Amino acid sequence: AQSVAQPEDQVNVAEGNPLTVKCTYSVSGNPYLFWYVQYPNRGLQFLLKYITGDNLVKGSYGFEAEFNKSQTSFHLKKPSALVSDSALYFCAVRDGSSNTGKLIFGQGTTLQVKP
Amino acid sequence: GAGVSQSPRYKVAKRGQDVALRCDPISGHVSLFWYQQALGQGPEFLTYFQNEAQLDKSGLPSDRFFAERPEGSVSTLKIQRTQQEDSAVYLCASSLVGTAKNSPLHFGNGTRLTVT
């Protein structure tokens, strides 16, 4: 069965420092991986996806993610954090066993960026 | 509109009442998903429509939950005889292509249901 794990409930970084939000996955077949961000009382906003190709994927708002097949990881990164990046981040994998294309989400990681 | 629209934004229901939650997907989007997000959790899949066909309802937690999309556009999620454990945010998402694996989902802002 497809699944994703986000091992950290919360990540704290200082503004201007690099940030990493971790995600590991388990899939049968090729992984299709996504990152979403959720601000309070809002829906999820798409940040970036990995389908195939370069292991470093660039997305919205300066975020990028590194796909590592041997470690089955897809960590979200940003070189310099902003206070406005503080939000809830979800990693997701496409369910390859389903014909619906549904996403399976991790439990989420709260990112707190302090000034 | 430009995005996925959900209404109402907030719904308070007394235990035992029926509720109906509406989703207006992005115009032309074939796929429509409903997710349930409990407090502090990630979204959990409920059901999937491709146009008007409900192709997957494996995530619906009980037969009190029912979803429809009769004309392949607007969708309604209905919960009968609400229970306290139904309290959650219900998210609707749409995507342009039916089952393309690289097609991201576009989410609405959700409906927060509180059952008292």
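The following paragraphs examine the structure supplied in this document.

**Concerning the overall build of chain A**
Link 1 in the chain: When its secondary structure is counted, chain A shows zero helices and 12 strands.
Link 2 in the chain: Scanning chain A from its N terminus toward the C terminus, one meets helices and strands in the order β-β-β-β-β-β-β-β-β-β-β-β.
Link 3 in the chain: In terms of overall size, chain A behaves like a compact globule, its C-alpha atoms giving a radius of gyration of 14 Å where 115 residues would be expected to give roughly 13 Å.
Link 4 in the chain: The buried share of chain A, taken over its 115 residues, is 46%.
Link 5 in the chain: Within chain A, counting contacts between residues at least 6 apart in sequence, those at least 24 apart form 54% of the total.
Link 6 in the chain: Of the accessible surface of chain A, which amounts to about 5300 Å², a share of 47% is contributed by carbon and sulfur atoms.
Link 7 in the chain: If the 10 positive side-chain charges of chain A are averaged to one point and the 8 negative ones to another, these points end up 5 Å apart.

**Let's talk about the layout of surface pockets**
Link 1 in the chain: What the largest pocket holds in volume is close to 360 Å³.
Link 2 in the chain: Around the largest pocket, the lining comprises 21 residues; the ones closest to its centre are Q38(A), P40(A), N41(A), L88(A) and R112(B).
Link 3 in the chain: For the lining of the largest pocket, the elements supplying multiple residues, two or more each, are β10 (87-94) of chain A together with β11 (111-115) of chain B.
Link 4 in the chain: When grouped by side-chain class, the residues that make up the lining of the largest pocket number eight nonpolar, 10 polar and three charged.
Link 5 in the chain: Lining the second largest pocket are 13 residues; nearest its centre among them are L44(A), Q45(A), H106(B), F107(B) and G108(B).
Link 6 in the chain: Of all the secondary structure elements, the ones that give two or more residues to the lining of the second largest pocket are β6 (44-50) of chain A together with β10 (106-107) of chain B.
Link 7 in the chain: Classifying every residue of the lining of the second largest pocket by side-chain character gives six nonpolar, six polar and one charged.

**Let's talk about the interface of chain A and chain B**
Link 1 in the chain: Between chain A and chain B, the residue contacts involve 23 residues of the former and 26 residues of the latter.
Link 2 in the chain: A combined buried area of about 2000 Å² lies between chain A and chain B, and 51% of that area is made up of carbon and sulfur atoms.
Link 3 in the chain: The interface formed by chain A and chain B contains one salt bridge.
Link 4 in the chain: Linking chain A with chain B are seven residue pairs in polar contact (both at pLDDT 80 or more).

**Description of the pattern of salt bridges**
All names here are of chain B.
Link 1 in the chain: Per the stated rule, a full pass over the model turns up seven salt bridges over all chains.
Link 2 in the chain: Here D24 makes a salt bridge to R22, at a shortest N to O gap of 2.9 Å.
Link 3 in the chain: Residue class for D24 comes out partly exposed when judged on its relative accessible area of 26%.
Link 4 in the chain: What makes R22 partly exposed here is its relative accessible area of 38%.
Link 5 in the chain: The closest approach of N and O atoms between E68 and K78, which form a salt bridge, is 3.4 Å. Taken together, the residues E68 in strand β7 (residues 65-68) and K78 in strand β8 (residues 75-79) connect sequence positions 10 residues apart.
Link 6 in the chain: The exposure class assigned to K78 is partly exposed, which follows from its relative accessible area of 32%.

The rules we used
- Residues numbered from 1 in each chain as written.
- Chains lettered and ligands numbered in written order.
- Predicted model: local features only at pLDDT ≥ 70, side-chain atom pairs only at ≥ 80, totals over all residues.
- Heavy atoms only, no water.
- Helix = DSSP H or I, 4+ residues; strand = E, 2+ residues; numbered from the N terminus.
- Rg over C-alpha atoms; globule rule 2.2 N^0.38 Å.
- Buried < 20%, exposed > 50% of the residue type's maximum accessible area, 1.4 Å probe, protein only.
- Contact = heavy atoms within 4.5 Å.
- Areas by Shrake-Rupley, 256 points an atom, 1.4 Å probe, with all protein chains shown as cover.
- Lys, Arg positive; Asp, Glu negative; His and termini not counted.
- Charge placed at Lys NZ, Arg CZ, Asp CG, Glu CD.
- 1 Å grid on protein atoms, 1.4 Å probe; cavity = no way out; pocket = protein on both sides within 12 Å on 5 of 7 lines; lining within 4 Å.
- Points joined across faces, edges and corners; volume = space filled by probe spheres on them.
- Nonpolar A, V, L, I, M, F, W, Y, C, P; charged D, E, K, R; others polar.
- Buried area = accessible area lost by both parts, 1.4 Å probe.
- Salt bridge = Lys/Arg side-chain N within 4 Å of Asp/Glu carboxyl O.
- Polar contact = N/O pair within 3.5 Å; in protein donor to acceptor, adjacent residues only side chain to side chain.

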